[in-house]
Each structure stands twice: as C-alpha cells, then as structure tokens.
Amino acid sequence: LLESTGLFGESTIRRVAPATGAVLLQQALAPELFAEGLTVFKGSALQLTWMNGRVLSYSPTTLVRTSSRRYPFVGWGLTTNGRQLIVSDGTSTVRWLDPRTLRVERSVTVRDGRRKIDQLNELELIDGVLWANVWPSDRIALIDPADGHVRAWLDMARLRAQLSAPGEVLNGIARYPGTAHIAVTGKWW
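These figures come from a predicted structure and were not determined experimentally.

1. What to know about the side chain of Thr12
Phase 1 of the analysis: One can find Thr12 in strand β2 (residues 12-16).
Phase 2 of the analysis: Of the residues examined, Thr12 reaches a relative accessible area of 7% and is grouped as buried.
Phase 3 of the analysis: One polar contact links Thr12 to Thr5, side chain to side chain, over a distance of 2.5 Å.
Phase 4 of the analysis: Among residues more than four places away in sequence, those in contact with Thr12 are Glu3, Ser4, Thr5, Gln26, Gln27, Ala28, Leu29, Ala35 and Gln47.

Laid out in structure tokens, this is it:
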C-alpha cells in the first residue's frame, strides 16, 4: 500500500507491506510541507499538502518525486474516479477536478438529510460510493457522488477500541486493488 503521513517536519510518502505494516520504502517531504491525501492516477502517485497549496507527483514504485504543482485549495482528502481527481478541504464540499489543470469541473455539498456534513477528510471511491471519514470522529460517511447525500454511516469506534495503545483520529481509507478488502487507519495507528 502507499501511505501519506503528515505533520510539519515529519511528512512522508511510503510503501507499506499490507500484511505487516512494515515500511518498505519511504521518502521524506521538506520540513515545511504537511502531507495529506494520496491517490494513484494514471501511473502517478499524487499527494496533497494541507496548507502549502501543492500537489506532489511521484513514481508509485520508486517514490521519486516527478513534479510539484500549485493547488488552489486546502488539501485534506484525495481520490479518483479514473478520469478526475476528487478532493475534500475540510468543509462539506467535495470537488471533482480536471487532473491536468486542477480546475473544478463539478462539486457537491455533502448532507445527511438537511444537515451539512463538514470536516470531510480522507476520501476513497469504492464501487461508485464515495467514502469519507469525518474528522475528528470515528465515523465514515458513505456518500452518493451524484448529489452528495449520505447513504449510510460506518461507526469505527469498535476498531479504535481494539488498539493496544491510544490512537488519534480515524484518518485513512484504502481499497486493496483488485479485491473487496478495505483498510481503515488513523493517525498513529
């Protein structure tokens, strides 16, 4: 799996063995960069920075950085539908971007009934449903990408209860390619 880790002075992109969590390869970001969302799009690993306004591109196998581009939003979550990048910025808005220009092609406001759901963080598109963890909760919203309504909620509190040491917030969702297996992680776990 590819993993993005955050914090100023500690951000990385790394390859991790799914079965053990062992770090196989890692590249540190510059100390002034705070890494956030990560996805693979058309052969490149793309990583957002939180407040730095950058989208970084890497070789997914070597983790060598291939480019750094200006990004017009605060970076939180990042996924793809294979044609566009899908991003969150900590608000209730999810945007679909042209991957070449980073221009917004469409957006939705995420709602559960009439209530806007903000603090949308990590994103993953799984079988046509947009999964988003809601910071700083232990909940994942399953969102209809057509109109932004929440179809269902996943409560991950029991997962956190299984930790041997206290962990921080839920913060990662990844689907193992070619399988139905989904990994859910958090800060420090």
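2. Here's the deal with the packing of aromatic side chains
Phase 1 of the analysis: For the structure on display, the rule yields 5 aromatic pairs.
Phase 2 of the analysis: Ring centres of Phe34 and Trp50 lie 4.9 Å apart, and the angle between their planes is 55°; on these two criteria the pair is classed as tilted. Of this pair, Phe34 sits in the loop between β3 (23-28) and β4 (35-41) while Trp50 sits in the loop between β5 (44-49) and β6 (54-58), placing them 16 residues apart in sequence.
Phase 3 of the analysis: Look at Phe34 and you get buried, because its relative accessible area is 9%.
Phase 4 of the analysis: Here the aromatic rings of Trp76 and Trp135 are separated by 6.2 Å at their centres, their planes lie at 85°, and the arrangement is edge-to-face. Note that Trp76 is positioned in the loop between β7 (65-70) and β8 (78-80) and Trp135 in the loop between β15 (129-134) and β16 (139-143), a separation of 59 residues in sequence.
Phase 5 of the analysis: In this structure, Arg106 is placed above the aromatic ring of Trp96, and the distance from its NZ or CZ to the ring centre is 3.8 Å.

3. Focus on the sheet that holds β4
Phase 1 of the analysis: Across the sheet, 4 strands lie side by side as β4-β5-β6-β7; this open sheet has antiparallel pairing. A single partner strand is all that each edge strand has here, and the edge strands are β4 and β7. For this sheet the average axis-to-axis angle between neighbouring strands, irrespective of direction, equals 20°.

4. Topic: the layout of surface pockets
Phase 1 of the analysis: Taken as a whole, the largest pocket spans an internal volume of roughly 1,400 Å³.
Phase 2 of the analysis: Leu2, Glu3, Ser4, Gly172 and Thr185 are, among the 48 residues lining the largest pocket, the residues nearest its centre.
Phase 3 of the analysis: Of all the secondary-structure elements, those providing two or more residues to the lining of the largest pocket are β1 (2-5), β2, β4, β8, β14 (120-126), β18 (170-175) and β19 (182-186).
Phase 4 of the analysis: In terms of residue count, β4 provides more of the lining of the largest pocket than any other element does, 6 residues in total.
Phase 5 of the analysis: Among the residues making up the lining of the largest pocket, the classes are represented as 23 nonpolar, 15 polar and 10 charged.

Parameters and conventions
- Residues numbered from 1 in each chain as written.
- Predicted model: local features only at pLDDT ≥ 70, side-chain atom pairs only at ≥ 80, totals over all residues.
- Heavy atoms only, no water.
- Helix = DSSP H or I, 4+ residues; strand = E, 2+ residues; numbered from the N terminus.
- Buried < 20%, exposed > 50% of the residue type's maximum accessible area, 1.4 Å probe, protein only.
- Polar contact = N/O pair within 3.5 Å; in protein donor to acceptor, adjacent residues only side chain to side chain.
- Contact = heavy atoms within 4.5 Å.
- Phe/Tyr/Trp six-rings, centres within 6.5 Å; stacked < 30°, edge-to-face > 60°.
- Lys NZ or Arg CZ within 6 Å of the ring centre and 35° of its normal.
- Pairing = 2+ DSSP bridges.
- Axes fitted to C-alpha atoms, helices over the stretch in contact; angles between N-to-C directions.
- 1 Å grid on protein atoms, 1.4 Å probe; cavity = no way out; pocket = protein on both sides within 12 Å on 5 of 7 lines; lining within 4 Å.
- Points joined across faces, edges and corners; volume = space filled by probe spheres on them.
- Nonpolar A, V, L, I, M, F, W, Y, C, P; charged D, E, K, R; others polar.

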